[in-house]
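Summary of the model geometry
If you want the building blocks of each chain, they are given just below.
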Amino acid sequence: DPNTMTQSRPVRLFLLMGSSFVLVDEVPAGHLCAVQNIEDAQYKTATICDSPNGMPLLGFSDSWIRPLVKVNVETVDPADTSILEKGLVKLSLADAAVEVT
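Treat the numbers as computed from the prediction; the structure is a model and nothing was measured. All residue numbers refer to position in the chain's written sequence, counted from 1. Totals for whole chains, interfaces and linings use every residue, but because this is a predicted model, local features are given only for residues with pLDDT of at least 70 and side-chain atom pairs only at 80 or more, for both listing and counting. Each side-chain value is derived from all of the structure's non-hydrogen atoms; neither hydrogens nor water enter the calculation.

**Considerations on the overall build of the chain**
Spelled out, the test is: Think of it this way: any DSSP run of H or I at least four residues long counts as a helix, any run of E at least two long counts as a strand, and we number them from the N terminus. Type-normalised accessible area, obtained with a 1.4 Å probe on protein chains alone, sets the label of each residue: buried when under 20%, exposed when over 50%, and partly exposed for intermediate values. Throughout, a contact is declared for two residues whenever any of their heavy atoms are within 4.5 Å. Using a 1.4 Å probe, the Shrake-Rupley method yields the accessible areas, and only the shown protein chains count as cover for residues.
Tallying secondary structure elements over the chain gives one helix and three strands in all. Expressed as a percentage of the 101 residues in the chain, the buried residues total 6%. Within the chain, contacts between residues separated by at least 24 positions form 34% of all contacts whose residues are at least 6 apart in sequence. In the form shown here, the chain has an accessible surface area of approximately 9,300 Å², with 57% of it arising from carbon and sulfur atoms.

What follows is the structure in structure tokens.
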């Protein structure tokens, strides 16, 4: 069950400072960061903590979040449509801001 999955692995944290990534040991709550060594995880959102008893944030609903920009895409060659669809699904799994309809 992905909601109860606990994994321990070494990760590197980078604090986003303008257009720079600064390697840090911890990230203060509310700051944006990049996490290295979670490439195989495909979650739109996740709670990452250093405690084995860490709980995911609850009480937030993404139902009010709507896309800022809507874009229609299509392939040049109709035979490539399934490849495009697979790529869009992967993109939507990797980025919480992407909504594929």
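Read on for the rest.
**Some thoughts on the confidence of the model for the chain**
Stated formally: Confidence of the predictor in every single residue is expressed as pLDDT, which spans 0 to 100.
Here the chain averages 76 in pLDDT, while 70% of its residues score no lower than 70. When the elements of the chain are averaged for pLDDT, strand S3 (residues 33–36) gives the smallest value, 84, and strand S2 (residues 20–24) the largest, 91.

**Considerations on a nonpolar patch on the surface**
Our working definition: Residues form patches when they are more than 30% accessible in relative terms and have no salt bridge. Like charges link within 9 Å. Nonpolar side chains (Val, Leu, Ile, Met, Phe, Trp, Tyr) link within 5 Å. Criterion for a salt bridge: a side-chain nitrogen of Lys or Arg within 4 Å of a carboxyl oxygen of Asp or Glu.
A cluster of nonpolar side chains, Val11, Ile38 and Ile48, forms an exposed patch at the surface whose accessible area comes to about 230 Å². Along the chain, Ile48 falls in the loop between S3 and helix H1 (81–94).

**Notes on the sheet that holds S2**
To summarise the sheet geometry, strands pair through backbone hydrogen bonds and adopt either a parallel or an antiparallel arrangement. Our working definition: In this scheme, strands are said to pair when DSSP sees at least two bridges between them. Between N-to-C directions, angles span 0 to 180 degrees; the directions come from axes that are lines fitted to C-alpha atoms, helices contributing only their stretch in contact.
Ordered by their spatial adjacency, three strands build an open sheet running S2-S1-S3, and the pairing between neighbours is antiparallel. Each edge of the open sheet is held by one strand with a lone partner, namely S2 and S3. The mean angle between the axes of side-by-side strands here comes to 30°, regardless of whether they run parallel or antiparallel.

**Focus on the pairing of strand S1 (residues 12–17)**
Pairing geometry for S1 and S3, over four bridges, is antiparallel. Within the sheet, the bridge partner assigned to Leu15 lies in S3 and is Cys33. Where S1 lies against S2, five bridges are found, and the strand directions are antiparallel. Bridging across to S2, Met17 finds its partner in Ser20.

**Structural notes on the side chain of Thr75**
Condition: For the purposes of these results, a polar contact is taken to be a pair of N or O atoms within 3.5 Å, where, inside protein, one atom must be able to donate a hydrogen and its partner to accept one; residues adjacent in sequence count only when each atom of the pair is a side-chain atom.
Along the chain, Thr75 turns up in the loop between S3 and H1. Among the polar contacts made by the side chain of Thr75, one reaches the main-chain carbonyl oxygen of Asp77 at a distance of 2.7 Å. Ignoring any residue separated from it by four or fewer positions in sequence, one finds Thr75 in contact with Asp80, Thr81 and Leu84.

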